[in-house]
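# Summary of the model geometry
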Amino acid sequence: DVERLKPFPDLILKACEELKVSPEKTVHVGDAPIDIAAARNAGVKPIGIVSILCSAEKLRDAGAELVALNLDELREFLSMLV
């Protein structure tokens, strides 16, 4: 229900609105620089997860505040944020 897609923040902000959460209290996990850009543009905490699509270095260079190497590490990061 948004006109502009990533890297614009519209999709993430719409999700925040629907879930009634503020962007400042939200994280967005992505496996590509465009995901990190969208998160930063929306004012949410950008977290990268390494995949066959993108390396940790590229995610960090895009501005990811945290980069998980796998789902177990992502789970650890998320549990620290609660």
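Now for a quick tour of the structure. It should be emphasised that the depicted structure is a prediction, and the values quoted were computed from it without experimental measurement.

What follows is about the overall build of the chain. The helix and strand tally for the chain stands at four helices and three strands. Reading the chain from its N end, one meets helices and strands in the order α-β-α-β-α-β-α. In terms of overall dimensions, the chain is globule-like: its C-alpha atoms have a radius of gyration of 12 Å, near the 12 Å expected for 82 residues. In terms of overall dimensions, the chain has C-alpha extents of about 30 × 25 × 15 Å along its principal axes. Within the chain, the proportion of its 82 residues that are buried is 34%.

Attention now moves to helix α1 (residues 10-19). Spacing of three or four residues puts side chains on the same side of an α-helix, whose turn is 3.6 residues. Buried within α1 are the following residues: Asp10, Ile12 and Cys16. Viewed along the axis of α1, the buried residues span an arc of 165 degrees, placing them on a single side of the element. In α1, those exposed residues whose orientation departs by more than 90 degrees from the buried face are Glu17 and Glu18. Packed against the buried residues of α1 are β1 (27-30) and α2 (33-42). Positive phi appears at Lys20, one or two residues downstream of α1, with a value of about 60 degrees.

Our next topic: the sheet that holds strand β2 (residues 45-49). The strand order across the open sheet built from three strands is β1-β2-β3, with neighbouring strands paired in parallel fashion. Strands at the two margins of the open sheet, each flanked by one partner only, are β1 and β3 (66-68). Pairwise comparison of adjacent strand axes, ignoring direction, gives a mean angle of 25 degrees for this sheet. Pairing geometry for β1 and β2, over four bridges, is parallel.

Cut-offs applied
- Residues numbered from 1 in each chain as written.
- Predicted model: local features only at pLDDT ≥ 70, side-chain atom pairs only at ≥ 80, totals over all residues.
- Heavy atoms only, no water.
- Helix = DSSP H or I, 4+ residues; strand = E, 2+ residues; numbered from the N terminus.
- Rg over C-alpha atoms; globule rule 2.2 N^0.38 Å.
- Buried < 20%, exposed > 50% of the residue type's maximum accessible area, 1.4 Å probe, protein only.
- Arc of directions from axis to C-beta.
- Contact = heavy atoms within 4.5 Å.
- Pairing = 2+ DSSP bridges.
- Axes fitted to C-alpha atoms, helices over the stretch in contact; angles between N-to-C directions.

Interpretation in functional terms is not warranted from these geometric data alone.
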